[in-house]
Amino acid sequence: MMSVALSTIGDQGLVFNKASVDLNDVLAVEQMLKSAGVHVKLLDRDSIEEANNYDALLLKCGVIVNWGGKQSEHLKKIINVVNEFDGPVFLMSVDQDFVLPNKERDGFLTINRPVSFLYSGKNASEVVSKQLPDIEVEDSIQFYQGVQIGKQISKLPFINAEPVYDAVYGGQPRKELLSTLNDIAEKYSLLVYENVRKKVPNAISADFKMFFDNKELRAINSLGKFSFLFYKPKTPWITPRIFEQLCSNSLALFDKRWEATQPFWTDNNTFSSEDELIERMEQEPTESEIKEQHRIAKEFDYDKYNEEQLAHLLPLLEK
């Protein structure tokens, strides 16, 4: 049986006792690999140097900022592990805007060996050149772990709570959505993050942090009668947010431009325009509609989707 060391590459490294997007992602990858019979060891920033005890090293790309023009000591340690690792190294990105800076400059360590790249975009050459511009990439494949996160969420007891607001929007203040969000906030009570409220002044600011465990986000979405799944061209695939909303007590409304979400559509939970969205919000969600989206979340074929992802990755790991 092959073995894989799994961690992150970023300013802070992987921290076990602090909920984060990075931790959610690597735990999902760990579960997927274990389901395929791979021996996986999750390494945090204190144990990352144990990586050479394993056949392959897989690192999820995290936040790299270089505050004050310096590399963090955590990042330097991880880069040294990458360069000295005896087996194949895999970097994985789920953020279309991520860039791993690797230009040579005084006081900065660089990755000086070939890697394989697991990416979430559509065009391999475009994604690689943008996200890993100064790193030699041997192989690149599409891979996404978001459905595994959804699988874990769907196993939890569903939340039974009365909504406090008309709607919840848990996304970012994307320029193309501000007009729609402002229109909604003028007619309905809309709960948003503080950084969104600055652009949508009639909305209600949420007093919670940006990075929650995915399970907790079900509770946040349940504060509203409705929650929204707007199409985002950069992430057209199935994301954890879909399951955070389906498994909440709010009625999730799907933007029909987001074609990957079709398995979750019903006759009454989609919209093609702002007018259709507002019209749908005029109708109170029913208990049967909430039960139906819970059923859809429970019965989605998570394993089939994950097996398709692993079918591309496992041959590379075994090279």
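Scope of this entry: the structure provided in the associated data block.

Parameters and conventions
For every chain, the first residue of the written sequence is number 1, and numbering continues from 1 along that sequence. Per-residue local features are limited, in this predicted model, to residues with pLDDT of at least 70; the limit for side-chain atom pairs, both in listing and counting, is 80 or more; totals at the level of whole chains, interfaces and linings are taken over all residues. Side-chain metrics rest on all non-hydrogen atoms present in the structure, leaving aside hydrogens and water. Pairing of aromatic side chains requires ring centres within 6.5 Å, counting the rings of Phe and Tyr and the six-membered ring of Trp. Pairs whose planes differ by under 30 degrees are stacked, by over 60 edge-to-face, and all others tilted. Categorising residues by exposure relies on relative accessible area from a 1.4 Å probe, with only protein chains included: less than 20% of the type maximum marks a residue as buried, more than 50% marks it as exposed, and the intermediate range marks it as partly exposed. Strands here are runs of E lasting at least two residues and helices are runs of H or I lasting at least four, both read from the DSSP assignment and numbered beginning at the N terminus. Charges are assigned to positions over rings by a cutoff of 6 Å between ring centre and Lys NZ or Arg CZ, combined with an angular limit of 35 degrees from the ring normal. Two strands are counted as paired when DSSP detects at least two bridges linking them. Within this scheme a cavity is a closed region of a 1 Å grid, computed over the protein atoms alone, that accommodates a 1.4 Å probe without allowing it to escape, whereas a pocket is open but has protein on both sides within 12 Å along at least five of seven lines; lining residues each have an atom within 4 Å of a point. Grid points are joined across faces, edges and corners, and a volume is the space filled by probe spheres set on the points. Only Asp, Glu, Lys and Arg are considered charged in this grouping, and only Ala, Val, Leu, Ile, Met, Phe, Trp, Tyr, Cys and Pro are considered nonpolar; every other residue, Gly among them, is considered polar. Here the axes come from fitting lines to C-alpha atoms, over the contacting stretch only for helices, and the angles between their N-to-C directions go from 0 to 180 degrees. A pair is scored as a salt bridge if a Lys or Arg side-chain nitrogen falls within 4 Å of a carboxyl oxygen belonging to Asp or Glu. For a helix, the expected span equals 1.5 Å multiplied by the residue count minus one. We define the bend at any residue as the angle between the axes fitted to the seven residues before and including it, ending there, and the seven starting there. In protein, a polar contact requires one atom able to donate a hydrogen and another able to accept it; more generally it is a pair of N or O atoms within 3.5 Å, and residues adjacent in sequence count only if both atoms are side-chain atoms. Whether two residues are in contact is decided by their heavy atoms: any pair within 4.5 Å suffices.

### Considerations on the packing of aromatic side chains
Consideration 1: Evaluated as defined, the whole model comprises 11 aromatic pairs.
Consideration 2: Both rings, one in Phe-228 and one in Phe-230, keep their centres 5.5 Å apart while their planes meet at 45 degrees; by these two values the pair is tilted.
Consideration 3: Using a relative accessible area of 8% as the deciding quantity, one classes Phe-230 as buried.
Consideration 4: Seen in terms of ring centroids, Phe-243 and Tyr-302 are 5.4 Å apart; in terms of plane orientation they differ by 50 degrees. Their pairing is tilted. With Phe-243 in helix α8 (residues 240-246) and Tyr-302 in helix α11 (residues 302-317), this residue pair connects regions lying 59 residues apart in the sequence. Of the two residues, Phe-243 and Tyr-302, both sit in the buried class.
Consideration 5: Put simply, the rings of Phe-243, Phe-254, Phe-264, Phe-300 and Tyr-302 touch in pairs and so form one group of aromatic residues.
Consideration 6: Sitting over the ring of Phe-108, Arg-105 keeps its end group 3.9 Å from the ring centre.

### Some words on the sheet that holds strand β9 (residues 204-205)
Consideration 1: Spatial ordering of the open sheet is given by β9-β8-β7-β10-β11-β12, a layout of 6 strands whose pairing is parallel. Every interior strand has two partners, whereas the edge strands, β9 and β12 (270-271), have only one.
Consideration 2: Bridge count between strand β11 (residues 251-255) and β12: 2 bridges; the pairing is parallel. Among the inter-strand pairings, Phe-254 is bridged to a residue of β12, identified as Thr-270.

### Let's talk about the layout of surface pockets
Consideration 1: Within this model, the second largest pocket holds a volume of roughly 340 Å³.
Consideration 2: Lining the second largest pocket are 16 residues, with Asn-160, Ala-161, Asn-249, Glu-287 and Ile-290 positioned closest to its centre.
Consideration 3: Contributing elements (two or more residues each) for the lining of the second largest pocket: β10 (224-229) and α10 (287-299).
Consideration 4: When grouped by side-chain class, the residues that make up the lining of the second largest pocket number 6 nonpolar, 5 polar and 5 charged.

### Regarding the sheet that holds strand β1 (residues 3-9)
Consideration 1: Pairing is parallel in the open sheet, where 6 strands are placed in the order β2-β1-β3-β4-β5-β6. In the strand order of this sheet, the two ends are held by β2 (39-42) and β6 (137-142), each with one partner. Between one strand axis and the next, the sheet turns by 25 degrees as a mean value, whatever way the strands run.
Consideration 2: Of the strand pairs in this sheet, β1 and strand β3 (residues 56-61) are connected by 6 bridges, and their pairing is parallel.

### Let's talk about the pattern of salt bridges
Consideration 1: Applying the stated criterion across every chain, the model contains 16 salt bridges.
Consideration 2: A salt bridge links Arg-257 to Asp-255, with the shortest nitrogen-to-oxygen separation between them at 2.7 Å.
Consideration 3: Since its relative accessible area comes to 2%, Asp-255 is described here as buried.

### A closer look at α11
In an α-helix, one turn spans 3.6 residues; hence positions three or four apart end up facing the same way.
Consideration 1: A rise of 1.5 Å per residue sets the reference length of α11, with its 16 residues, at 22 Å; its end C-alpha atoms lie 22 Å apart and thus fit the reference within 8%.
Consideration 2: Of all the bends in α11, the greatest, near 35 degrees, is centred on Ala-311, and the proline Pro-315 appears no more than four residues after it.
Consideration 3: Within α11 the residues assigned to the buried category are Tyr-302, Tyr-305, Asn-306, Gln-309, Leu-310, Leu-313, Leu-314, Leu-316 and Leu-317.

### Considerations on the side chain of Thr-8
Consideration 1: Inspection of the secondary structure puts Thr-8 in strand β1.
Consideration 2: Within the structure, Thr-8 has its side chain in polar contact with the backbone nitrogen of Leu-14 (distance 3.2 Å).
Consideration 3: If we skip the residues at most four places from it in the chain, Thr-8 touches Gly-13, Leu-14, Asp-22, Val-26, Leu-59, Lys-60 and Ile-78.

### A closer look at the side chain of Arg-174
Consideration 1: Within the secondary structure layout, Arg-174 lies in the loop between β7 (165-168) and α5 (178-187).
Consideration 2: In this structure Arg-174 comes out as buried when scored by relative accessible area, which is 15%.
Consideration 3: When residues no more than four places from it in sequence are discounted, the contact partners of Arg-174 are Tyr-169, Phe-230, Tyr-231 and Lys-232.

These figures capture arrangement, not role.
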